[in-house]
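# Observations on the three-dimensional arrangement
The primary structure of each chain is shown beneath.
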Amino acid sequence: MRRNFGIFVGVGAVAIGVLGAVPQLGLLQPAERLHPVTYEIAAQLVFTPPVGTKVAHMWLVKPPDDAGQEVLAFETDPKPTLEAPDPLYGNHLLYFRLDNPDGAQVIAYRLKIRVWELRWNLQPERIGSLTEVQMPEWLRNESRIVTDDPRLRRLAQEVIGNTSNTFERVRRILQFVIDTLSYSHAECSLQASALHALTKKVGHCSDYHGFATALLRSIGIPARVTYGINPFKRRSPSHCKLEVFLPPYGWVPFDLSETDKVLEQLAKSELPAEVKAQRREAILRWLFSGFRDNTWYRVSIGTDYPVVPPVAPNPPLIRTAYIVCDDKVLPDPDPANPNRMEFAWQLVWDCKSDRPVQSPWRLWMTP
């Protein structure tokens, strides 16, 4: 069954009073909703505070309802000490305070969520100018998504050339990021670092999308990193996407890192050159049509937002959890990186779906 879902410009409403008014654009072009899947997830987050820790602070983010997902049930054990939105973007933060923690600590949660595939079917000629859009919270300079570095600004201008068309500017920058970076878990920032991507030219999903976000923001196009979960078997379930604000469609996601992995595998294949070229063109056409898969659900929007209560520095982002023991931030684990075997904490993960699903990028990898 096909359903259309209208979207208002209301995301980040908590930030409106802080950084400026979101334009009243009314109903935006709806995304087509297809192929719903219901996931039931049971997870345990386990971490061991350093010996002598007086207070352990931990934050999780509860997934929201949005156009592509509906939270049917969510509970944690133990209950959070505090639930509150972050004051910038409104992400639903769950805060746990553990006094004098001794030994391994376990925070368990259960989630039941229905997820749809979304298709925007973008028509470039319909995408309007962004001159009337005032979204300072999605254009700002951040600790990792740096927009005021002259190298980034100069690079963005070189990439877009003399085109004034909004969609073509976005397309050129996203294509540039795909063509420039190489996917690697051995050398990634785990923090959506635009400067890491600029200087190293390697990284994982957050580096691709942090780099693209910084380039787009530097030329006045609202963009953001959104973090979520792939609820199927993989070494690390957390995964991020890029979202770009394109009127009249609203926030449209693009997954550059997964696309690049498919393109790199295609380039290494033994397919005839003509077939490779045709398939590459089809993959890029699919990417730029606007698509969000039903094998991913969104947990948070934006980066570098303040935690509540404000007892620790702002994290660049919260991939799965943010943990601070006294004044020591526990590093993010990366089980997909064979060169990083030390884990300050880990997520024990089990997921069931009401029907078989497969990542669409795996389908592109099929000969």
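In what follows, the structure referred to is the one given above.
In this report, we go over the structure that sits alongside the text. What you are looking at is a predicted structure, and each value in this text was computed from that prediction instead of being measured.

This part covers the overall build of the chain. Summing up its helical and strand segments, the chain has eight helices and 17 strands in all. The buried share of the chain, reckoned over its 367 residues, is 55%. Within the chain, residue pairs in contact and separated by at least 24 positions form 74% of the contacts whose partners lie at least 6 positions apart. Here the chain displays about 16000 Å² of accessible surface, and carbon together with sulfur accounts for 51% of that area.

One finds Leu174, Phe211, Leu216, Leu242, Phe254 and Leu256 to be the most contacted residues of the largest nonpolar core, which totals 56 residues. Among the elements that line this core, the one with the most residues is helix α5 (residues 205-218), at seven residues. Excluding residues within four positions of it along the chain, Phe211 makes contact with Leu152, Leu155, Phe176, Val177, Leu181, Ala194, Ala197 and Leu198.

In this section: the pairing of strand β2 (residues 28-47). Looking at chain direction, β2 and strand β7 (residues 105-119) are connected through 14 bridges and run antiparallel. The residue bridging Tyr39 from the neighbouring strand is Ile113, located in β7. Sheet topology note: the β2/strand β17 (residues 345-353) ladder contains nine bridges and is antiparallel. Across the sheet, the residue bridging to Ile41 is Cys351, located in β17.

We now examine the side chain of Asp304. With respect to the helices and strands, the residue Asp304 is situated in the loop between β14 (297-301) and β15 (322-325). Arg140 provides the closest opposite charge to the buried, salt-bridge-free Asp304, at an N-O distance of 4.6 Å. Separated by 3.1 Å, the side chain of Asp304 and the backbone nitrogen of Ser143 make a polar contact. Setting aside residues up to four positions removed in sequence, Asp304 forms contacts with Leu88, Arg140, Glu142, Ser143, Asn314, Pro315 and Pro316.

As enumerated under the stated definition, the model contains 13 aromatic pairs in all. A network of ring pairs unites the aromatic residues Tyr89, Trp138, Phe245, Trp251 and Tyr305 as a single cluster. Between the NZ or CZ atom of Arg33 and the centre of the ring of Trp116, over which it lies, the distance is 3.8 Å. Over the aromatic face of Trp251 sits the side chain of Arg224, whose NZ or CZ is 3.9 Å from the ring centroid.

The next point concerns the sheet that holds β14. Across the sheet, four strands lie side by side as β12-β11-β10-β14; this open sheet has antiparallel pairing. The open sheet is flanked by β12 (250-254) and β14, the only strands paired with a single partner. Here the average twist between neighbouring strands, direction ignored, is 40°.

Quick look at the pattern of salt bridges now. Scanning the entire structure with this criterion turns up 18 salt bridges. Notably, a salt bridge pairs Asp66 with Arg298, separated by 2.9 Å at the nearest N-O pair. Linking Asp66 in the loop between β3 (55-62) and β4 (69-77) with Arg298 in strand β14, this pair joins segments that are 232 residues apart in sequence. The burial state of Asp66 is the same as that of Arg298; both residues are buried.

Attention now goes to the environment of Trp349. Following the sequence through the fold, Trp349 ends up in strand β17. Judged by relative accessible area, Trp349 falls into the buried class, the value being 17%. In sequence terms Trp349 and Ala108 are 241 residues apart; their C-alpha atoms lie 10.0 Å from each other.

This next bit is on the environment of Ile221. The residue Ile221 is located in the loop between α5 and β10 (223-229) in this model. Along the primary structure Ile221 and Phe245 are separated by 24 residues, whereas in three dimensions their C-alpha atoms are 7.3 Å apart.

Within the span of helix α2 (residues 150-160), buried status applies to Leu152, Leu155, Ala156, Val159 and Ile160. The buried residues of α2 occupy one face: seen down the axis, they fall within an arc of 120°. In α2, the exposed residues that point more than 90 degrees away from the buried face are Pro150 and Glu158. Tucked inside the fold, the buried residues of α2 contact α3 (166-180), α4 (194-200) and α5. In the stretch just after α2, Gly161 is the one whose phi turns positive, near 65°.

Quick notes on the rules
- Residues numbered from 1 in each chain as written.
- Predicted model: local features only at pLDDT ≥ 70, side-chain atom pairs only at ≥ 80, totals over all residues.
- Heavy atoms only, no water.
- Helix = DSSP H or I, 4+ residues; strand = E, 2+ residues; numbered from the N terminus.
- Buried < 20%, exposed > 50% of the residue type's maximum accessible area, 1.4 Å probe, protein only.
- Contact = heavy atoms within 4.5 Å.
- Areas by Shrake-Rupley, 256 points an atom, 1.4 Å probe, with all protein chains shown as cover.
- Core = buried A, V, L, I, M, F, W, Y, C linked by side-chain atoms within 4.5 Å.
- Pairing = 2+ DSSP bridges.
- Lys, Arg positive; Asp, Glu negative; His and termini not counted.
- Salt bridge = Lys/Arg side-chain N within 4 Å of Asp/Glu carboxyl O.
- Polar contact = N/O pair within 3.5 Å; in protein donor to acceptor, adjacent residues only side chain to side chain.
- Phe/Tyr/Trp six-rings, centres within 6.5 Å; stacked < 30°, edge-to-face > 60°.
- Lys NZ or Arg CZ within 6 Å of the ring centre and 35° of its normal.
- Axes fitted to C-alpha atoms, helices over the stretch in contact; angles between N-to-C directions.
- Arc of directions from axis to C-beta.

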